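# Structural characterization, general
Below are the chains, spelled out letter by letter.
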Amino acid sequence: MSDAGGGGCSVRLPDDSLFVGLDCSTQSLKATVLDAGLAIVATDSVHFDSDLPHYGTHGGVLRDPTERGRIVSPPLMWAEALDLLLSKLRSRADLRRVAAVSGSAQQHGSVYWAKGAVTAALAALDPTRSLAPQLAGAFAAPESPVWMDSSTAAQCREVEAAMGGPLRLAALTGCRAHERCTGPQIRKMWQTRPQVYDATERVSLVSSFMASLLVGGYACIDQTDGAGMNIMDINKRQLREDALQATAPKLEGRIGKLAPAHAVAGKIAPYFVQRFQFASSCLVIQWSGDNPNSLAGLTLSNPGDLAISLGTSDTVFGITDSPEPTLEGNILPNPVDPKTYMVLLCYKNGSLTREDLRDRYAERSWDTFNRLLEETAPLNGGKLGFYYKEHEILPPLPVGFHRYVVKNMTNISLDELVEEEVDKFEPPSEVRAVIEGQFLSMRGHAEKCGLPVPPKRIIATGGASSNPIILKIMASIFGSPVYTSQRSDSASLGAALRAAHGWLCNQEDEFVPFSYVYSGRLDTSALSMQLAVPFGNCNEDTELLNKYTLLVKKRLEIEQKLIERFSR
Ligand code: ADP
Ligand code: XUL
């Protein structure tokens, strides 16, 4: 047996056991397999666009040409990806040794199961055939709205009005009605596709959808991912009657019960036992959202730490025990600590927008992109860019690029900084402007939402956190050292850790602190952190930080003017 407690816990992870974490993100499905010592035994992934091209996705999604802002993905694609990933993983890890599987998924997306889906499909899967064709008839809607969808503005305003306004809704459910939130999405489905809503037996989130496949029946929505729906009471962690009514009729039965993230969703279904040789005792632990899983994977437990995830979305999050509702951030229960919450900011223009600027100005190459970043000076000569390739969440602005040059940057008073709008910058400045702009915005909004700024340290994760030049700019703008973990995919790592945690809680028949899973192993296991960029060792760091502080304020001022311009 492997001591899982270090700190006095009697529970141990069996020496030969493995724990699987999956992450069904926007662009791919990834896996991390940990052993009982929390070393990584195997990793693998399926990339939706390139490995499953027959679904025709770009960046993992389909954009509706007939309806602005409608962005969906086929749930069948996620199911086929699961089959494919497990068949690849089987040759890398002995799946018979897996004690528990858990998972992570993009938040907010909704899957509409057709009446009778459990008996006709989920509980009757034939292990000799692949998953997707057997599920083809299981959906009331073949397309799931995903977190990138921004087509529900009308429903958001209706839900907010019914619940006493945006701030009250945020205080009750964790966030105002953002367009991606599942409640407004379900309301839109009921209003615009009533035949789909009528034919729907159960609505799953992407996380509970994937867990449902693994248990061969409807899995509960976990209380952490459930906070992204606008229908759950953020304090009681139960569905709210008034919010359900403000969303759609007869909704409660379609959502089902909520469960804590550490709970067992069920034993793995016979399909996976026979097809991939999982043990029939293998537990499926509740799946949760990708940001909560990242929080677990980064073992974020210090309120002074700030996590920044640079994936398809960019997110900024930290933990607190006394969250204050705001109009910008989302409050979610911490998936591994029932006493605390996570505060999250989400940007839609993350990696895909950086890639767009790279393709326009840096020869489609990250090396050239980095060279241009290094050729340009910090502060970019006052050039500020606002690049919205997608309708942005924070600030809520439509697609479009806006460029300003801020003058008098040698002064230290905001009043003396004046800006001039321009059409373009030199290519190197465009590249610096996108990166500086993203971090300036994150710093400004993080501060407004009560996240720690400057943080004691930043822990960076997600695909772009592998880029050291980008991390250097992050450190300068936030005024803090940046750490990274061994792997940039903290969400699937977090899911594997949560699998071990759920297994321990089940073994003990009560909640055990998450630290029992990893204490004593933080420096020696896959969880170890490296200092990627130091901060504060020279006066220049501090002088630059003061200038960036002014630019943050200037940027928020310009954002406000843009919001006013586009709301006219
Ligand atoms: P997801 O949110 O889908 O899980 P990932 O965290 O896997 O996304 O991040 C994928 C993104 O990582 C890609 O879209 C790519 O733009 C970005 N990326 C990968 N390598 C680099 C790099 N060297 N510099 C900047 N971005 C990178
Ligand atoms: C968070 C959000 C995104 C998705 C991306 O609220 O919408 O970060 O979870 O996968």
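Everything numeric here is computed off the predicted structure, so don't read it as measured data.

Conventions used here
Residues numbered from 1 in each chain as written. Chains lettered and ligands numbered in written order. Predicted model: local features only at pLDDT ≥ 70, side-chain atom pairs only at ≥ 80, totals over all residues. Heavy atoms only, no water. Core = buried A, V, L, I, M, F, W, Y, C linked by side-chain atoms within 4.5 Å. Buried < 20%, exposed > 50% of the residue type's maximum accessible area, 1.4 Å probe, protein only. Helix = DSSP H or I, 4+ residues; strand = E, 2+ residues; numbered from the N terminus. Contact = heavy atoms within 4.5 Å. Pairing = 2+ DSSP bridges. Axes fitted to C-alpha atoms, helices over the stretch in contact; angles between N-to-C directions. pLDDT = per-residue confidence, 0-100. Near = heavy atom within 4 Å. Polar contact = N/O pair within 3.5 Å; in protein donor to acceptor, adjacent residues only side chain to side chain. Areas by Shrake-Rupley, 256 points an atom, 1.4 Å probe, with all protein chains shown as cover. 1 Å grid on protein atoms, 1.4 Å probe; cavity = no way out; pocket = protein on both sides within 12 Å on 5 of 7 lines; lining within 4 Å. Sits in = over half its atoms within 2 Å of the grid points. Nonpolar A, V, L, I, M, F, W, Y, C, P; charged D, E, K, R; others polar. Domains from an automatic or database assignment. Salt bridge = Lys/Arg side-chain N within 4 Å of Asp/Glu carboxyl O. Parallel < 35°, antiparallel > 145°, perpendicular 65-115°, else oblique.

Let's shift gears to the nonpolar core. If you look at the biggest cluster of nonpolar residues, it comprises 66 residues, and the most contacted ones within it are Phe19, Tyr112, Ile186, Ile255, Phe317 and Trp503. In terms of residue count, helix H18 (residues 490–508) provides more of this core than any other element does, 8 residues in total. Residues contacting Trp503, with those up to four places away along its chain left out, are Arg12, Leu13, Pro14, Phe19, Ala99, Ala100, Leu283 and Ile285. By size, the runner-up hydrophobic cluster in this structure holds 63 residues, among which are Ala31, Ala93, Trp113 and Leu135.

The next subject is the sheet that holds strand E20 (residues 341–347). What links the strands of a sheet is backbone hydrogen bonding, and the strands pair in either a parallel or an antiparallel sense. Within the open sheet, the 7 strands sit side by side as E19-E20-E18-E17-E24-E25-E26. Their pairing is mixed. Of all strands in the sheet, those with a lone pairing partner are strand E19 (330–333) and strand E26 (529–533), marking the two edges. Between one strand axis and the next, the sheet turns by 30° as a mean value, whatever way the strands run. As defined by bridge partners, strand E17 (residues 305–310) adjoins strand E18 (residues 314–320) across 4 bridges and the pair is classed as antiparallel. Its bridge partner lying in E18, Leu310 is registered against Asp314. Of the strands in this sheet, E18, E19 and E20 are in contact with helix H13 (residues 290–297), which crosses E18 at around 60°.

Turning next to the confidence of the model for the protein chain. Per-residue pLDDT for the protein chain has a mean of 95; in total, 98% of the residues score no lower than 70. Of all helices and strands in the protein chain, the one with the weakest mean pLDDT is strand E1 (residues 2–3) (55), whereas strand E15 (residues 283–285) scores best (99).

Before going further, it helps to spend a moment on the site of ligand 1. Near ligand 1 there are 15 residues, and of these Ser25, Lys30, Thr312, Glu355 and Gly463 occur at the shortest range. Note that an oxygen atom of ligand 1 is positioned 2.8 Å from one of the side-chain N or O atoms of Thr312. At 2.5 Å from an oxygen atom of ligand 1 is found a side-chain nitrogen or oxygen belonging to Glu355. The protein chains hide 78% of the 580 Å² of surface that ligand 1 would expose on its own. Assessed atom by atom at 2 Å from the grid points, ligand 1 resides in the second largest pocket. Broken down by class, the residue content of the shell around ligand 1 amounts to 3 nonpolar, 10 polar and 2 charged.

This brings us to the domain arrangement of the protein chain. What the domain assignment lists for the protein chain is domain 1 (18–296) and domain 2 (351–455 + 536–567). The interface is formed by 8 residues belonging to domain 1 together with 4 residues belonging to domain 2. Taking the shortest distance from any N to any O, the salt bridge between Glu390 and Arg63 comes out at 2.7 Å. Where domain 1 touches domain 2, the interface holds 1 residue pair in polar contact (both at pLDDT 80 or more). Looking at the side of domain 1 that touches domain 2 residue by residue, the class counts come to 2 nonpolar, 3 polar and 3 charged.

Okay, the packing of helix H14 (residues 351–361) against helix H15 (residues 366–375) next. Running from amino to carboxyl end, H14 crosses H15 at an angle of 85°, the nearest separation of the two axes being 9 Å. Of the possible angle classes, the one that applies to H14 and H15 is roughly perpendicular. Facing H14, whose interface residues are Arg354, Glu355, Arg358 and Tyr361, H15 presents Trp366, Phe369 and Leu372. Residue classes in the contact of H14 with H15 are distributed as 4 nonpolar, no polar and 3 charged.

In terms of burial, helix H9 (residues 206–215) is largely enclosed, as 10 of its 10 residues are buried. What H9 keeps buried is the set Val206, Ser207, Ser208, Phe209, Met210, Ala211, Ser212, Leu213, Leu214 and Val215. Following H9 by one or two positions, Gly216 adopts a phi angle in the positive range, close to 70°.

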